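Coordinate analysis (summary)
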Amino acid sequence: MTVTPTHRNRTTTGATSPLRSRPAVRSLLEPQTLTPADLSMVLLVTEEPADRPMPTVTVARIPAVLHECAALGIRSVKLFAESAGRDATGKISLEPDALMSRAIHACKEAEPHIAVMTETCLCSYTTDGVCYLTDQHGRPDVSATVHVTASQAVVHAEAGADIVGPASMLLGTVGAARHALDETGHEGVSVMPHVIFWSSLYDGFRLTMGATPKAGTNREFQINPCRADQFVDTALRMEADGADMILLEPAQFTTDVLATLRTQTRAPLFPFSVSGEYKALTRVDSETGRRDVRLLMELFTMLKRAGASASITYAALDIARRLS
């Protein structure tokens, strides 16, 4: 009896299954993996070195950090700056020598080709730690808040920022920032508003930067995590108001809205992995002293798969070192 040789199992297209291929073929067929270029490094800038819940940097330390970012292939940084002076107007944030402006200058002088993203908000400048100004009755003063945050955008742009980030979640701040930038000759500066779900994952940042709202744990204008539809609608409205790109936070809990938005807009989408995620998903090895970032690497790989343009994280340098 003649026995006909059997062939390998093939798919309907006739291609050999990648799972049964040689390692070199699997590597060839697999999509691009996570790279340092997929990450943006968060810098919490303070006037003096301090032992706080989250890692911070001073302006003097920024050049060394930026040089390492550039050497490892990280292409952007996200800046937050604490203010020692607080009042009811937040106008200290508009001073040309404010900490944020000095931090931006330090970044651009050290590595001009690294994109500098900033936060334009009031929680680190108001005495009550809220993201907006209030009127004489203690209610949100929307017009005053919009004016100050738009002015912040111009100050940051003049210091050298490439991307400014309205973060109060007040509708109107995006359009005002875009208009103010265009009117002052900064048409090339991008606007990337924060779209934010309520979460307890922000506590480490708030304690570090003195941005804990005295009235409670949740920001008034942030979105209930049950309302994915509201999140998507808000992001699209901000894009219509002039946003060039969108920041989504907290990253771990925005995967569904990220994937939905990816089908509805071509704007770049940047999930922000916030302080609580950094604390929960990393640990320092007691023997080597290195931070174990494998869980965050898996998270950012998933977010890239879901449509993220890049992920913003406190662990960008740790991950880039591991990838290298």
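What counts and what doesn't
Residues numbered from 1 in each chain as written. Predicted model: local features only at pLDDT ≥ 70, side-chain atom pairs only at ≥ 80, totals over all residues. Heavy atoms only, no water. Core = buried A, V, L, I, M, F, W, Y, C linked by side-chain atoms within 4.5 Å. Buried < 20%, exposed > 50% of the residue type's maximum accessible area, 1.4 Å probe, protein only. Helix = DSSP H or I, 4+ residues; strand = E, 2+ residues; numbered from the N terminus. Contact = heavy atoms within 4.5 Å. Axes fitted to C-alpha atoms, helices over the stretch in contact; angles between N-to-C directions. Parallel < 35°, antiparallel > 145°, perpendicular 65-115°, else oblique. Nonpolar A, V, L, I, M, F, W, Y, C, P; charged D, E, K, R; others polar. Pairing = 2+ DSSP bridges.

Some details on the nonpolar core
In this structure, V45, V77, L79 and I319 are the most contacted members of the largest nonpolar core, which totals 90 residues. It is helix α3 (residues 99–110) that provides the largest number of residues to this core, a total of seven residues. Once residues lying within four places of it in the same chain are set aside, the contact partners of L79 are L43, V45, M100, A103, I104, C107, V116, M117, T118 and E119. Judged by nonpolar contacts, the second largest core, of five residues, contains V146, A150, V154 and A180.

Examining the packing of helix α10 (residues 294–306) against helix α11 (residues 316–323)
It is the contact of α10 with α11, at a shortest axis distance of 10 Å, that shows an interaxial angle of 95°. Comparing their axes, α11 and α10 come out roughly perpendicular. Packed against α10, whose contacting residues are R294, L296, M297 and F300, the element α11 presents I319, R322 and L323 at the interface. When the residues that make up the contact of α10 with α11 are grouped by side-chain class, the tally is five nonpolar, no polar and two charged.

Thoughts on the pairing of strand β2 (residues 76–81)
Within β2, six of the six residues are buried, which leaves it mostly tucked inside the rest of the structure. Burial along β2 is two-sided: the face carrying S76, K78 and F80 and the face carrying V77, L79 and A81 are both buried. Both strand β1 (residues 39–45) and β2 contribute to a ladder of five bridges, which runs parallel. Within β2, the residue paired with M41 across the bridge is V77.

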